[in-house]
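Structural description and commentary
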There are 2 protein chains.
Amino acid sequence: MKVYHLYSGGKDSSLSAWILERMGYSVELVTVNFGLLDSWKYAKETAERLGFEHRVLYLPQDIIERAAEMAVKDGHPNNAIQFIHEKALESLASLPEVERVSDGTRRDDRVPFLDLSKARSLEDRFNVAYIRPLLGLGYRTIRELVDKLFIVEIRESEELEKSDYEVELRHLLGETGIDPLTIFPKRHYQSRVVGWRE
Amino acid sequence: MKVYHLYSGGKDSSLSAWILERMGYSVELVTVNFGLLDSWKYAKETAERLGFEHRVLYLPQDIIERAAEMAVKDGHPNNAIQFIHEKALESLASLPEVERVSDGTRRDDRVPFLDLSKARSLEDRFNVAYIRPLLGLGYRTIRELVDKLFIVEIRESEELEKSDYEVELRHLLGETGIDPLTIFPKRHYQSRVVGWRE
(Lines give C-alpha, C1' and ligand atoms only; values in the text may rest on other atoms or scores of the structure.)
Protein backbone atom coordinates (compact mmCIF):
# COMPACT_ATOMS: atom_id res chain seq x y z
CA MET A 1 0.00 0.00 0.00
CA LYS A 2 2.04 2.90 -1.29
CA VAL A 3 0.95 6.50 -0.81
CA TYR A 4 2.45 9.60 -2.40
CA HIS A 5 2.26 12.43 0.09
CA LEU A 6 2.57 16.11 -0.83
CA TYR A 7 5.27 17.39 1.44
CA SER A 8 6.57 20.84 2.35
CA GLY A 9 8.76 19.85 5.27
CA GLY A 10 6.45 21.70 7.65
CA LYS A 11 4.77 20.47 10.80
CA ASP A 12 1.44 19.48 9.25
CA SER A 13 2.82 17.54 6.33
CA SER A 14 5.40 15.86 8.57
CA LEU A 15 2.77 14.83 11.11
CA SER A 16 0.49 13.43 8.44
CA ALA A 17 3.40 11.49 6.91
CA TRP A 18 4.00 9.92 10.29
CA ILE A 19 0.32 8.99 10.71
CA LEU A 20 0.28 7.40 7.24
CA GLU A 21 3.31 5.32 8.14
CA ARG A 22 1.69 4.25 11.41
CA MET A 23 -1.37 3.20 9.40
CA GLY A 24 0.80 0.77 7.50
CA TYR A 25 1.40 2.73 4.32
CA SER A 26 4.67 2.85 2.49
CA VAL A 27 5.08 6.62 2.27
CA GLU A 28 6.94 8.53 -0.43
CA LEU A 29 7.13 12.27 0.16
CA VAL A 30 6.67 14.52 -2.85
CA THR A 31 7.66 18.18 -2.93
CA VAL A 32 6.28 20.33 -5.71
CA ASN A 33 8.59 22.79 -7.45
CA PHE A 34 8.29 25.10 -10.45
CA GLY A 35 11.99 25.36 -11.24
CA LEU A 36 12.24 28.98 -10.10
CA LEU A 37 14.14 28.25 -6.91
CA ASP A 38 15.70 25.15 -5.37
CA SER A 39 13.47 25.60 -2.35
CA TRP A 40 12.56 21.89 -2.48
CA LYS A 41 15.90 21.19 -0.81
CA TYR A 42 14.59 22.12 2.67
CA ALA A 43 11.81 19.56 2.41
CA LYS A 44 14.24 16.99 1.12
CA GLU A 45 16.56 17.62 4.03
CA THR A 46 13.74 17.21 6.56
CA ALA A 47 12.50 14.11 4.76
CA GLU A 48 15.96 12.57 5.05
CA ARG A 49 16.24 13.44 8.71
CA LEU A 50 12.88 11.76 9.33
CA GLY A 51 13.85 8.75 7.24
CA PHE A 52 11.27 9.03 4.46
CA GLU A 53 11.72 8.50 0.73
CA HIS A 54 11.48 11.80 -1.12
CA ARG A 55 11.08 13.06 -4.66
CA VAL A 56 10.62 16.43 -6.33
CA LEU A 57 7.68 16.83 -8.70
CA TYR A 58 8.28 19.63 -11.20
CA LEU A 59 5.16 21.39 -12.40
CA PRO A 60 4.85 23.66 -15.46
CA GLN A 61 5.71 27.31 -14.78
CA ASP A 62 2.49 28.52 -16.33
CA ILE A 63 0.70 27.22 -13.21
CA ILE A 64 2.62 29.49 -10.87
CA GLU A 65 2.38 32.35 -13.34
CA ARG A 66 -1.40 32.05 -13.36
CA ALA A 67 -1.33 31.79 -9.56
CA ALA A 68 0.73 34.99 -9.35
CA GLU A 69 -1.79 36.81 -11.51
CA MET A 70 -4.59 35.64 -9.23
CA ALA A 71 -2.71 36.82 -6.14
CA VAL A 72 -2.11 40.26 -7.64
CA LYS A 73 -5.71 40.59 -8.78
CA ASP A 74 -7.06 39.48 -5.38
CA GLY A 75 -4.53 41.34 -3.23
CA HIS A 76 -4.17 38.17 -1.12
CA PRO A 77 -2.74 34.74 -1.82
CA ASN A 78 -5.62 32.44 -0.89
CA ASN A 79 -7.00 31.62 -4.32
CA ALA A 80 -3.49 31.34 -5.74
CA ILE A 81 -2.43 28.82 -3.08
CA GLN A 82 -5.64 26.87 -3.58
CA PHE A 83 -5.09 26.80 -7.34
CA ILE A 84 -1.51 25.55 -7.00
CA HIS A 85 -2.51 22.87 -4.52
CA GLU A 86 -5.26 21.52 -6.75
CA LYS A 87 -2.86 21.41 -9.69
CA ALA A 88 -0.25 19.68 -7.51
CA LEU A 89 -2.73 17.00 -6.44
CA GLU A 90 -3.94 16.49 -10.01
CA SER A 91 -0.40 16.22 -11.38
CA LEU A 92 0.59 13.73 -8.72
CA ALA A 93 -2.62 11.72 -9.14
CA SER A 94 -2.12 11.52 -12.89
CA LEU A 95 1.24 9.72 -12.64
CA PRO A 96 0.77 6.12 -13.79
CA GLU A 97 2.29 4.53 -10.68
CA VAL A 98 0.16 6.55 -8.25
CA GLU A 99 -2.89 4.89 -6.67
CA ARG A 100 -3.05 6.91 -3.48
CA VAL A 101 -2.29 10.58 -2.86
CA SER A 102 -2.34 12.47 0.40
CA ASP A 103 -1.59 15.81 1.96
CA GLY A 104 -1.39 17.54 5.32
CA THR A 105 -4.48 19.72 5.06
CA ARG A 106 -6.35 20.21 8.30
CA ARG A 107 -9.87 20.58 9.56
CA ASP A 108 -9.26 24.21 10.43
CA ASP A 109 -7.50 25.16 7.19
CA ARG A 110 -9.17 27.61 4.87
CA VAL A 111 -6.67 27.17 2.03
CA PRO A 112 -5.56 24.99 0.58
CA PHE A 113 -8.60 22.81 1.11
CA LEU A 114 -10.68 20.52 -1.08
CA ASP A 115 -14.34 20.37 -0.13
CA LEU A 116 -16.20 17.07 -0.35
CA SER A 117 -17.18 17.37 -3.99
CA LYS A 118 -13.67 18.40 -5.04
CA ALA A 119 -12.14 15.55 -3.05
CA ARG A 120 -14.48 13.02 -4.66
CA SER A 121 -13.88 14.54 -8.08
CA LEU A 122 -10.11 14.16 -7.66
CA GLU A 123 -10.58 10.50 -6.73
CA ASP A 124 -12.96 9.81 -9.59
CA ARG A 125 -11.13 11.65 -12.36
CA PHE A 126 -7.75 10.09 -11.59
CA ASN A 127 -8.88 6.78 -10.10
CA VAL A 128 -6.93 7.33 -6.89
CA ALA A 129 -7.68 7.35 -3.20
CA TYR A 130 -7.16 10.76 -1.55
CA ILE A 131 -6.14 10.54 2.10
CA ARG A 132 -5.96 13.43 4.54
CA PRO A 133 -4.78 12.16 7.92
CA LEU A 134 -5.20 15.54 9.66
CA LEU A 135 -8.68 16.35 8.42
CA GLY A 136 -10.39 15.03 11.53
CA LEU A 137 -7.96 16.65 13.97
CA GLY A 138 -8.26 20.05 15.64
CA TYR A 139 -5.41 22.45 16.34
CA ARG A 140 -5.05 21.19 19.90
CA THR A 141 -4.58 17.57 18.83
CA ILE A 142 -2.13 18.55 16.10
CA ARG A 143 -0.08 20.70 18.47
CA GLU A 144 0.02 17.93 21.07
CA LEU A 145 1.23 15.35 18.54
CA VAL A 146 3.77 17.68 16.90
CA ASP A 147 5.22 18.59 20.31
CA LYS A 148 5.47 14.93 21.24
CA LEU A 149 7.05 13.77 17.98
CA PHE A 150 9.22 16.44 16.43
CA ILE A 151 12.05 18.77 17.21
CA VAL A 152 10.86 22.06 15.73
CA GLU A 153 13.19 24.97 15.20
CA ILE A 154 11.54 28.39 15.49
CA ARG A 155 13.45 31.37 14.23
CA GLU A 156 12.76 35.07 13.92
CA SER A 157 13.13 35.55 10.21
CA GLU A 158 11.56 36.89 7.06
CA GLU A 159 13.68 34.55 4.99
CA LEU A 160 11.75 31.50 3.97
CA GLU A 161 13.95 28.47 4.19
CA LYS A 162 10.91 26.41 3.39
CA SER A 163 9.56 24.40 0.53
CA ASP A 164 5.93 25.44 0.41
CA TYR A 165 4.21 27.08 -2.55
CA GLU A 166 4.58 30.50 -0.98
CA VAL A 167 8.34 30.61 -1.45
CA GLU A 168 8.37 30.47 -5.23
CA LEU A 169 5.20 32.53 -5.44
CA ARG A 170 6.83 35.36 -3.46
CA HIS A 171 9.90 35.05 -5.62
CA LEU A 172 7.91 35.30 -8.83
CA LEU A 173 5.98 38.30 -7.55
CA GLY A 174 9.27 39.97 -6.65
CA GLU A 175 10.66 39.23 -10.11
CA THR A 176 7.71 40.97 -11.71
CA GLY A 177 8.21 44.07 -9.57
CA ILE A 178 5.51 43.42 -6.97
CA ASP A 179 6.37 43.61 -3.29
CA PRO A 180 5.26 40.26 -1.79
CA LEU A 181 4.46 42.11 1.44
CA THR A 182 1.49 43.72 -0.32
CA ILE A 183 0.08 40.21 -0.91
CA PHE A 184 1.31 38.02 1.94
CA PRO A 185 0.97 38.87 5.61
CA LYS A 186 4.29 39.73 7.24
CA ARG A 187 5.67 36.80 9.17
CA HIS A 188 7.89 37.28 12.17
CA TYR A 189 8.66 33.69 12.91
CA GLN A 190 9.16 30.61 10.88
CA SER A 191 9.24 27.07 12.11
CA ARG A 192 10.91 24.02 10.66
CA VAL A 193 10.83 20.35 11.58
CA VAL A 194 14.44 19.31 12.08
CA GLY A 195 14.09 15.76 13.43
CA TRP A 196 12.36 13.23 15.62
CA ARG A 197 12.19 14.02 19.30
CA GLU A 198 13.40 10.53 20.18
CA MET B 1 -2.73 10.56 26.00
CA LYS B 2 -6.06 8.87 26.70
CA VAL B 3 -8.93 9.10 24.25
CA TYR B 4 -12.52 8.00 24.80
CA HIS B 5 -13.88 6.65 21.55
CA LEU B 6 -17.59 6.23 20.78
CA TYR B 7 -17.88 2.64 19.70
CA SER B 8 -20.62 0.58 18.07
CA GLY B 9 -18.56 -2.51 17.24
CA GLY B 10 -18.95 -1.77 13.53
CA LYS B 11 -16.29 -1.46 10.87
CA ASP B 12 -15.87 2.31 11.00
CA SER B 13 -15.60 2.65 14.73
CA SER B 14 -13.28 -0.37 14.90
CA LEU B 15 -11.00 1.02 12.20
CA SER B 16 -10.82 4.41 13.84
CA ALA B 17 -10.02 2.81 17.20
CA TRP B 18 -7.12 1.01 15.54
CA ILE B 19 -5.82 4.25 13.96
CA LEU B 20 -6.00 6.03 17.32
CA GLU B 21 -3.98 3.27 18.92
CA ARG B 22 -1.42 3.44 16.10
CA MET B 23 -1.17 7.19 16.73
CA GLY B 24 -0.04 6.44 20.26
CA TYR B 25 -3.28 7.03 22.14
CA SER B 26 -4.47 4.90 25.00
CA VAL B 27 -7.95 4.07 23.69
CA GLU B 28 -11.02 3.33 25.79
CA LEU B 29 -14.07 2.33 23.78
CA VAL B 30 -17.41 3.71 24.92
CA THR B 31 -20.76 2.33 23.83
CA VAL B 32 -23.84 4.43 24.42
CA ASN B 33 -26.97 2.77 25.72
CA PHE B 34 -30.37 4.01 26.90
CA GLY B 35 -31.25 1.05 29.09
CA LEU B 36 -33.96 -0.21 26.73
CA LEU B 37 -31.98 -3.21 25.45
CA ASP B 38 -28.67 -4.79 26.34
CA SER B 39 -27.50 -4.21 22.77
CA TRP B 40 -24.20 -2.76 24.10
CA LYS B 41 -23.09 -6.37 24.62
CA TYR B 42 -22.20 -6.87 20.93
CA ALA B 43 -19.85 -3.90 20.98
CA LYS B 44 -18.35 -5.11 24.24
CA GLU B 45 -17.75 -8.54 22.74
CA THR B 46 -16.03 -7.08 19.68
CA ALA B 47 -14.00 -4.72 21.87
CA GLU B 48 -12.79 -7.68 23.90
CA ARG B 49 -11.89 -9.66 20.81
CA LEU B 50 -9.86 -6.71 19.54
CA GLY B 51 -8.22 -6.21 22.92
CA PHE B 52 -9.55 -2.75 23.78
CA GLU B 53 -10.82 -1.43 27.09
CA HIS B 54 -14.56 -0.89 26.96
CA ARG B 55 -17.26 0.82 28.97
CA VAL B 56 -20.99 1.45 28.58
CA LEU B 57 -22.20 5.03 28.90
CA TYR B 58 -25.88 5.16 29.87
CA LEU B 59 -27.75 8.20 28.61
CA PRO B 60 -31.13 9.47 29.85
CA GLN B 61 -34.12 7.87 28.12
CA ASP B 62 -35.67 11.22 27.29
CA ILE B 63 -32.95 11.63 24.64
CA ILE B 64 -34.02 8.55 22.71
CA GLU B 65 -37.67 9.43 23.26
CA ARG B 66 -37.12 12.84 21.67
CA ALA B 67 -35.17 11.15 18.87
CA ALA B 68 -38.05 8.73 18.24
CA GLU B 69 -40.47 11.65 17.97
CA MET B 70 -38.17 13.31 15.44
CA ALA B 71 -37.95 10.12 13.39
CA VAL B 72 -41.72 9.71 13.31
CA LYS B 73 -42.28 13.36 12.40
CA ASP B 74 -39.61 13.23 9.65
CA GLY B 75 -40.45 9.77 8.31
CA HIS B 76 -36.74 9.01 8.23
CA PRO B 77 -34.13 8.56 10.95
CA ASN B 78 -31.45 11.06 9.93
CA ASN B 79 -32.19 13.90 12.31
CA ALA B 80 -32.86 11.45 15.12
CA ILE B 81 -29.48 9.74 14.66
CA GLN B 82 -27.74 13.10 14.43
CA PHE B 83 -29.46 14.25 17.63
CA ILE B 84 -28.46 11.12 19.56
CA HIS B 85 -24.87 11.33 18.36
CA GLU B 86 -24.49 14.95 19.42
CA LYS B 87 -25.91 14.12 22.85
CA ALA B 88 -23.59 11.11 23.11
CA LEU B 89 -20.52 13.25 22.31
CA GLU B 90 -21.62 15.95 24.75
CA SER B 91 -22.28 13.46 27.54
CA LEU B 92 -18.93 11.80 27.03
CA ALA B 93 -17.09 15.12 26.76
CA SER B 94 -18.68 16.34 29.99
CA LEU B 95 -17.22 13.54 32.11
CA PRO B 96 -14.52 15.00 34.37
CA GLU B 97 -11.82 12.52 33.36
CA VAL B 98 -12.33 13.05 29.63
CA GLU B 99 -9.90 15.33 27.75
CA ARG B 100 -10.21 13.75 24.28
CA VAL B 101 -13.24 12.26 22.56
CA SER B 102 -13.43 10.59 19.20
CA ASP B 103 -15.73 8.73 16.86
CA GLY B 104 -15.73 6.83 13.60
CA THR B 105 -17.56 9.36 11.43
CA ARG B 106 -16.35 9.53 7.85
CA ARG B 107 -15.85 12.04 5.11
CA ASP B 108 -18.72 10.57 3.12
CA ASP B 109 -21.18 10.29 6.02
CA ARG B 110 -24.30 12.42 5.97
CA VAL B 111 -25.37 11.49 9.49
CA PRO B 112 -24.19 11.48 12.09
CA PHE B 113 -21.80 14.27 11.26
CA LEU B 114 -20.61 17.42 13.00
CA ASP B 115 -19.76 20.27 10.66
CA LEU B 116 -16.79 22.51 11.43
CA SER B 117 -18.66 24.94 13.67
CA LYS B 118 -20.31 22.13 15.63
CA ALA B 119 -16.98 20.34 16.03
CA ARG B 120 -15.31 23.49 17.34
CA SER B 121 -18.27 24.23 19.58
CA LEU B 122 -18.01 20.76 21.14
CA GLU B 123 -14.31 21.31 21.81
CA ASP B 124 -14.82 24.79 23.24
CA ARG B 125 -17.86 24.10 25.41
CA PHE B 126 -16.40 21.00 27.05
CA ASN B 127 -12.69 21.85 26.82
CA VAL B 128 -11.86 18.62 24.99
CA ALA B 129 -10.14 17.66 21.78
CA TYR B 130 -12.44 15.98 19.26
CA ILE B 131 -10.64 13.51 16.99
CA ARG B 132 -12.11 11.85 13.89
CA PRO B 133 -9.51 9.51 12.38
CA LEU B 134 -11.69 8.62 9.37
CA LEU B 135 -12.71 12.13 8.39
CA GLY B 136 -9.99 12.47 5.77
CA LEU B 137 -10.51 9.00 4.29
CA GLY B 138 -12.74 8.04 1.36
CA TYR B 139 -14.75 4.84 1.08
CA ARG B 140 -12.04 3.13 -0.96
CA THR B 141 -9.36 3.75 1.67
CA ILE B 142 -11.65 2.62 4.46
CA ARG B 143 -12.63 -0.56 2.64
CA GLU B 144 -9.00 -1.38 1.89
CA LEU B 145 -7.94 -0.95 5.52
CA VAL B 146 -10.95 -2.83 6.92
CA ASP B 147 -10.31 -5.75 4.55
CA LYS B 148 -6.67 -5.83 5.56
CA LEU B 149 -7.24 -5.63 9.30
CA PHE B 150 -10.47 -7.28 10.32
CA ILE B 151 -12.41 -10.47 9.98
CA VAL B 152 -15.90 -9.27 9.15
CA GLU B 153 -18.90 -11.54 9.35
CA ILE B 154 -21.65 -10.71 6.86
CA ARG B 155 -25.02 -12.29 7.37
CA GLU B 156 -28.39 -12.09 5.69
CA SER B 157 -30.54 -10.84 8.51
CA GLU B 158 -33.03 -8.27 9.64
CA GLU B 159 -32.08 -8.92 13.24
CA LEU B 160 -29.72 -6.32 14.51
CA GLU B 161 -27.10 -7.92 16.66
CA LYS B 162 -25.42 -4.57 16.82
CA SER B 163 -24.84 -1.81 19.30
CA ASP B 164 -25.52 1.30 17.29
CA TYR B 165 -28.20 3.87 18.06
CA GLU B 166 -30.54 2.34 15.50
CA VAL B 167 -31.14 -0.81 17.55
CA GLU B 168 -32.75 0.84 20.54
CA LEU B 169 -34.44 3.44 18.35
CA ARG B 170 -36.14 0.70 16.32
CA HIS B 171 -37.10 -1.05 19.53
CA LEU B 172 -38.64 2.10 21.00
CA LEU B 173 -40.58 2.80 17.81
CA GLY B 174 -41.89 -0.76 17.87
CA GLU B 175 -42.93 -0.37 21.51
CA THR B 176 -44.96 2.70 20.65
CA GLY B 177 -46.78 0.84 17.85
CA ILE B 178 -44.79 2.20 14.90
CA ASP B 179 -43.33 -0.20 12.36
CA PRO B 180 -39.60 0.65 12.15
CA LEU B 181 -39.70 -0.36 8.48
CA THR B 182 -41.71 2.79 7.79
CA ILE B 183 -38.78 4.84 9.13
CA PHE B 184 -35.61 2.85 8.43
CA PRO B 185 -34.63 1.41 5.08
CA LYS B 186 -34.90 -2.37 4.94
CA ARG B 187 -31.55 -3.99 5.37
CA HIS B 188 -30.76 -7.33 3.83
CA TYR B 189 -27.30 -7.81 5.21
CA GLN B 190 -25.54 -6.91 8.35
CA SER B 191 -21.85 -7.00 9.01
CA ARG B 192 -19.96 -7.39 12.24
CA VAL B 193 -16.29 -7.16 13.08
CA VAL B 194 -15.40 -10.42 14.81
CA GLY B 195 -11.63 -10.18 15.14
CA TRP B 196 -8.23 -9.23 13.79
CA ARG B 197 -7.23 -10.79 10.53
CA GLU B 198 -3.82 -11.70 11.92
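Residues numbered from 1 in each chain as written. Chains lettered and ligands numbered in written order. Predicted model: local features only at pLDDT ≥ 70, side-chain atom pairs only at ≥ 80, totals over all residues.

**Quick notes on the overall build of chain A**
Definition in use: Only DSSP runs of H or I reaching four residues or more are called helices, and only runs of E reaching two or more are called strands; each is numbered from the N terminus. The quantity called the radius of gyration is restricted to C-alpha atoms. Its globule counterpart is 2.2 Å times the number of residues to the power 0.38. Backbone-placed C-beta atoms define the burial measure: a residue is buried with 20 or more other C-beta atoms within 10 Å of its own, exposed with 12 or fewer, and partly exposed in between. Two residues form a contact once the distance between their C-beta atoms, set from the backbone, is within 7 Å.
A tally of regular secondary structure across chain A gives seven helices and seven strands. The order of α-helices and β-strands along chain A, N terminus first, is β-α-β-α-β-α-α-β-α-β-α-β-α-β. Computed over the C-alpha atoms, the radius of gyration of chain A is 16 Å, within 12% of the 16 Å expected from 2.2 N^0.38 for a compact globule of 198 residues. Counting only C-alpha atoms, chain A reaches 45 × 40 × 30 Å along its principal axes. Considering chain A as a whole, with its 198 residues, one finds that 44% of them fall into the buried category. Across chain A, every contact between residues at least 6 apart in sequence was considered, and the portion connecting residues at least 24 apart equals 75%.

**Section: the relation of the copies chain B and chain A**
In plain terms, the rule: The copies were overlaid by least squares, fitting only the C-alpha atoms of residues that reach a pLDDT of 70 or more in each copy.
Least-squares fitting of chain B to chain A yields an RMSD of 0.0 Å, with the transformation described by 0.0 Å of translation along the axis and a rotation of 180°. Seen this way, the second copy is the image of the first under a two-fold rotation axis. An overlap of 100% is found between the interface residues of chain B and their copies at the interface of chain A, pointing to a shared contact surface.

**Quick notes on helix H3 (residues 61–74) of chain A**
Residues and elements named next belong to chain A. Note the threshold: Expected helix span is computed as 1.5 Å times (number of residues minus one). Think of the arc as the fan of directions from the helix axis to the C-beta atoms.
Between its first and last C-alpha atoms H3 spans 20 Å; for 14 residues at 1.5 Å apiece the expected length is 20 Å, and the two agree. All buried positions along H3 are accounted for by Ile64, Ala67, Ala68 and Ala71. Down the axis of H3, the buried set is contained in an arc of 105°. They therefore lie on one face. Along H3, the residues that are exposed and aim more than 90 degrees away from the buried face are Asp62 and Lys73. Along its buried surface, H3 packs onto helix H4 (78–93) and helix H7 (165–175). Positive backbone phi, at 80°, marks Gly75, one or two positions downstream of H3.

**Quick look at the sheet that holds strand E2 (residues 26–33) of chain B**
All names here are of chain B. Threshold: We call two strands paired when DSSP finds no fewer than two bridges between them. Axis definition: a line fit to C-alpha positions, over the contact stretch in the case of helices; interaxial angles, taken between N-to-C directions, run 0 to 180 degrees.
The parallel open sheet is built from five strands, whose spatial order is E3-E2-E1-E4-E5. A single partner strand is all that each edge strand has here, and the edge strands are strand E3 (53–58) and strand E5 (129–131). On average, each strand axis in the sheet is tilted by 30° relative to the strand beside it, whichever way the strands run. Relative to E2, strand E1 (residues 2–6) runs parallel, the two being bridged by five bridges. Among the inter-strand pairings, Tyr4 is bridged to a residue of E2, identified as Glu28.

**Section: the interface of chain B and chain A**
Definition in use: Amino acids are sorted into nonpolar (Ala, Val, Leu, Ile, Met, Phe, Trp, Tyr, Cys and Pro), charged (Asp, Glu, Lys and Arg) and polar (every other residue, Gly among them).
Counting residues at the interface gives 19 residues for chain B and 19 residues for chain A. Looking at the side of chain B that touches chain A, the elements that each hand over two or more residues are helix H1 (11–22), helix H5 (116–126), E5 and helix H6 (139–149) of chain B. Counted by class, the side of chain B that touches chain A contains eleven nonpolar, three polar and five charged residues.

**As for the sheet that holds strand E3 (residues 53–58) of chain A**
Residues and elements named next belong to chain A. Spatially, five strands are ordered E3-E2-E1-E4-E5 in an open sheet, and the strand pairing comes out parallel. Bordering the open sheet on either side are E3 and strand E5 (129–131), each of which pairs with just one other strand. Each strand axis lies, on average, 30° off the axis of its neighbour in the sheet, ignoring direction. Sheet topology note: the strand E4 (residues 100–102)/E5 ladder contains three bridges and is parallel. Bridging across to E5, Ser102 finds its partner in Ile131.

**Quick notes on the nonpolar core**
Generally speaking, a soluble globular protein has its nonpolar side chains buried in company with each other. Worth spelling out the cut-off: Structurally, a nonpolar core is described as a collection of buried Ala, Val, Leu, Ile, Met, Phe, Trp, Tyr and Cys residues joined by way of C-beta atoms within 7 Å.
Grouped together as the largest cluster of nonpolar side chains are 104 residues, with contacts concentrated most on Leu169 of chain A together with Leu169 of chain B. Not counting chain neighbours up to four residues away, the residues in contact with Leu169 of chain B comprise Ile64, Ala67, Ala68, Ala71, Pro77 and Ala80 of chain B.

**Quick notes on unusual backbone geometry**
Residues and elements named next belong to chain A. Residues Val111 and Pro112 are joined by a peptide bond in cis, for which omega reads -15°. Note that Pro112 resides in the loop between E4 and helix H5 (116–126). The phi angle at Asn127 is positive, at roughly 50°, despite the residue not being glycine. Tracing the backbone shows Asn127 in the loop between H5 and E5. Assessed through the 11 C-beta atoms surrounding it within 10 Å, Asn127 is described here as exposed.

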